[in-house]
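Single-letter residue listing:
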Amino acid sequence: MSDFATLAYLDGRQIANTARDVVRKPGRALLYLLAIAYFVGLGWFRTRQSHAAIPGVADPWATLIFFAAGLSFAVAFLRAASGSIAGFSSAADARFLIGSHLDERNVVVWLQLRNSVRTLARFLFLILMYALIYRWAGRPMAIVLSMACVVVIGIGISIPTFNLRRRIGAGWCRAIGWGLLLLAIAGVVAIALALPLPALTWLRSDVVGLGFGKIITQAALGNSIVIGVGYVIAAVLIAAGYFGSADIYPELQVGSQRYIQALATARRGGGFSALAQRTRVSRAVKSNAAPRGFVGASAIVWKEWVGSRRTLANVGFWIFLACAAAVGCALGVLGTRSEEGRGMAVGFGGTLALVLAMIGSFGANVSLSADINKPLWWMGASTVYQRLAAWLGATSWRTFSCAIAGVLCWGSVSGNWTIVWIGVPAAFVLTIFIRSIGLALYALFPSAIDQRGPLAFARMLCLYVALAPPMAFGLGALVLWRSAGAAGAAAAVVAILEVVGLVAFAAARVTKNGATVAQAEAT
Amino acid sequence: MPALQIRNLVKRFRKTVAVDGLSFEVNSGEIVGLLGPNGAGKSTTFACAAGLLRPDSGTFVWDGRELGSQRGRTIGLIPETPDVYPMLTVWEHLVFVAKSCKVQGDWEGRASALLDRFEMTPQRDTLGQGLSKGMRQKTLIAATVLAQTPVLLFDEPMIGLDPLGQRELRLLIASLKQAGIAIVISTHMLEQAQGICDRVVIMKDGRQVASGTFAELQSRSGEHGTAEDLFLELTR
């Protein structure tokens, strides 16, 4: 039996057993069926619509997408240059494969392909959904194929970068990674800044004039040459990984563990905790005493805060806060220029908030096993409800602080205080709202596979549904009192009541099922 | 008689020297205990031996032949947390090991016999996620025996096992010794090593501070002292 057939047996059996496990649990099976039915229905509905010519993604959006893809490649490069790599999927995977008689290079190629498929499967629901909704952007199959190519290139970069790191040293390799990252950021920022600021139109024209956007437009429309070239690049990277992967196991094992740890941390806290992998373990840290008032369940807030303070998440928070403030200021400047500019700023800010809410909802994975499995978490007199509420606040405050900073800057620069009165509570409530939906769905379907699969889609759907009552009450208050403040307050009160209900539901499930929730997370 | 020799093993993590010039050997059909307090470098030694970590220097020799980066094929590791694939059954683990280690002959018969011997036949179709720690350990041991791995390293094997599980594991390790497998067991609990090991190597701060049989250690500790006294004195 060839090496690849043996590896196919390993992953094939795991997929088959996972599918069998899903089918055996009616709730999970229903979740998957609903997601599939939604896509089939949406696809059918779209195919029945007019067969007018598809224009494809227009510039500057196409160029923006190009640089965003470049940004993801740069991040993959930088991550591998820093010694963190998507290789072995677990400690068991590393031990079984390192101890096997399979050719090391074949194993490395298989790991790259496996990680590509897993990453693609993770985002398939989202890619399909947007490909079907924004039909004008291109052909759904071409978009999926193009995204698959982007994923394979992103994963394929890792091993050659990892080998480069071994040859030229981590410092040089990281420097190259930062260079690539800054180039990609420059492209994204140039276009993003020029969108609300007409004074920078020349910059947008220059960047769009480079012609990179045409690659995206043609790929989404199904140009076989463009897609083919993309796959050739992916194949070259995989081949480079194959030929450079002799005697790589020990470093790959360490890099994989680092990557797995980072993923686990990100799933646990969401958002900024993705950066928490870089702890300052080599330095002695000063023990911190809990401030007065942090007693009972609120000690969890202090624990999360003091833990993240010692990680890169702390630096990340300040960077994101500065970015949010900069975007807010840009919107404020646009809003002061003219009536038309104010309309543009409101439209742009609203769209940005909606997109961020959708992405946030999609990525609002929750993982509590690291907490629930520790006896320390259960000690004390406070209820599970109080603990979960404290945890929710502790893992959300950075996100809503950034959103609030953006809104405050927008409102104060433009001098429009209505934006502040409505935007600040909305930013706070929406962040907590998204996280609490994630928490409630986690309590219902704790499996990590479900979290990354159909639950991502279910979270977005639930957000639409759960937003209906606050919006209805907000509208009702607007009609009754003819006041935006009253409408915002009514909507916020209803949303907070929903949050209370969602946390209570999660607490009831966790209390009833205890550690089995944590165990189910691994399946 | 084939023997595993570890010579001048050094492993650093930045400025910390986890293992500092460690050398010892274990013969086929022999059990050596690697003793030391927490942080002595036992697990790092095992990870280097099994090919999971790259040592800064040192060599691994089996049966007179220097083992390279593929030493994981010769040296099997049963870690303290015996992780298995959660979505693979016990039998599928054995099938994968037989295929990936290119086991020749009637491996299916041997695998079934191993399940019987380890009293795991009822768990044959149980997924890894449903196995207790003891069962996961047995699955890994069965897999390494099926792969005909001549050296087995047990990292803190008794931790987390109930008394019955500990006794079963001791008997299993004794039977592996009888079958001619070279075994190294790491532990920080002297009494566990006393009941099972032929010789011990005591480590502290990555270095070997003593080695020999329990009788030799006893004699070194003086007329009134015990092996435990010596162990505590050496590792304090």
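Check the entry above for the structure.
Report on the accompanying structure. For clarity, every value in this text was computed on a predicted model and none was experimentally measured.

## A short note on the overall build of chain B
- A tally of regular secondary structure across chain B gives eight helices and 10 strands.
- Along the three orthogonal principal directions, the C-alpha set of chain B runs to about 55 × 40 × 35 Å.
- By the burial criterion, 54% of the 236 residues in chain B qualify as buried.
- Within chain B, residue pairs in contact and separated by at least 24 positions form 68% of the contacts whose partners lie at least 6 positions apart.
- Roughly 10100 Å² of accessible area belongs to chain B as shown, and the carbon and sulfur atoms make up 47% of that amount.

## Focus: the interface of chain A and chain B
- On the chain B side, the residues contacting the 30 residues of chain A number 32 residues.
- Together chain A and chain B conceal approximately 3000 Å² of surface at their shared face, both sides included; 59% is due to carbon and sulfur atoms.
- Of all residues in chain A, the largest losses of buried area upon contact with chain B belong to A:Arg95, A:Phe96 and A:His101, amounting jointly to 25% of the total for that side.
- Remark: the boundary between chain A and chain B carries four salt bridges.

## Observations concerning unusual backbone geometry
- The phi angle at A:Arg482 is positive, at roughly 50 degrees, despite the residue not being glycine.
- Structurally, A:Arg482 is set in the loop between helix H21 (454–481) and helix H22 (484–513).
- The phi angle at B:Glu156 is positive, at roughly 45 degrees, despite the residue not being glycine.
- Relative to the elements of secondary structure, B:Glu156 occurs in the loop between strand S7 (151–155) and helix H5 (163–178).

## Brief notes about the packing of aromatic side chains
Residues and elements named next belong to chain A.
- This model, assessed by the stated rule, comprises 11 aromatic pairs over all chains.
- Ring geometry for Phe 4 and Trp 110: centres 6.2 Å apart, planes at 45 degrees, overall tilted. Within this pair, whereas Phe 4 is found in helix H1 (residues 3–24), its partner Trp 110 is found in helix H5 (residues 104–133), the two being separated by 106 residues in sequence.
- Look at Phe 66 and Phe 212: their rings are 4.5 Å apart centre to centre, the planes differ by 10 degrees, and that puts the pair in the stacked class. With Phe 66 in helix H3 (residues 61–81) and Phe 212 in helix H9 (residues 212–221), this pair connects stretches of sequence that are 146 residues apart.
- By relative accessible area, Phe 66 is classed as partly exposed at 22%.

## Quick look at H1(A)
- Given a rise of 1.5 Å per residue, 22 residues ought to cover 32 Å, and the 32 Å separating the end C-alpha atoms of H1(A) matches this to within 8%.
- What H1(A) keeps buried is the set A:Asp3, A:Thr6, A:Leu7, A:Tyr9, A:Leu10, A:Asp11, A:Gln14, A:Asn17, A:Thr18, A:Asp21 and A:Val22.
- For H1(A), the elements touching its buried residues are helix H2 (26–47), helix H4 (91–98), H5 and helix H20 (448–452) of chain A together with helix H2 (90–100) of chain B.

## Some words on the sheet that holds strand S2 (residues 16–27) of chain B
Residue and element names in this part refer to chain B.
- Pairing is antiparallel across the open sheet formed by four strands, whose spatial order is S2-S1-S4-S5. Single-partner strands in this sheet number two, and they are S2 and strand S5 (65–67). Between one strand axis and the next, the sheet turns through 25 degrees on average, direction left out of account.
- Pairing of strand S1 (residues 3–13) with strand S4 (residues 57–62), which is carried by five bridges, proceeds in the antiparallel orientation. Each residue of the ladder has a partner; that of Ile 6, found in S4, is Phe 60.

## Remarks on the side chain of B:Lys42
Residues and elements named next belong to chain B.
- Summarising the element assignment, Lys 42 is placed in helix H1 (residues 42–49).
- Look at Lys 42 and you get buried, because its relative accessible area is 5%.
- Among the polar contacts made by the side chain of Lys 42, one reaches the main-chain carbonyl oxygen of Pro 37 at a distance of 3.1 Å.
- With sequence-adjacent residues up to four places away left out, Lys 42 is seen in contact with Leu 34, Leu 35, Gly 36, Pro 37, Glu 156, Ser 186, Thr 187, His 188 and Met 203.

Conventions adopted
- Residues numbered from 1 in each chain as written.
- Chains lettered and ligands numbered in written order.
- Predicted model: local features only at pLDDT ≥ 70, side-chain atom pairs only at ≥ 80, totals over all residues.
- Heavy atoms only, no water.
- Helix = DSSP H or I, 4+ residues; strand = E, 2+ residues; numbered from the N terminus.
- Buried < 20%, exposed > 50% of the residue type's maximum accessible area, 1.4 Å probe, protein only.
- Contact = heavy atoms within 4.5 Å.
- Areas by Shrake-Rupley, 256 points an atom, 1.4 Å probe, with all protein chains shown as cover.
- Buried area = accessible area lost by both parts, 1.4 Å probe.
- Salt bridge = Lys/Arg side-chain N within 4 Å of Asp/Glu carboxyl O.
- Phe/Tyr/Trp six-rings, centres within 6.5 Å; stacked < 30°, edge-to-face > 60°.
- Expected span 1.5 Å × (residues − 1).
- Pairing = 2+ DSSP bridges.
- Axes fitted to C-alpha atoms, helices over the stretch in contact; angles between N-to-C directions.
- Polar contact = N/O pair within 3.5 Å; in protein donor to acceptor, adjacent residues only side chain to side chain.

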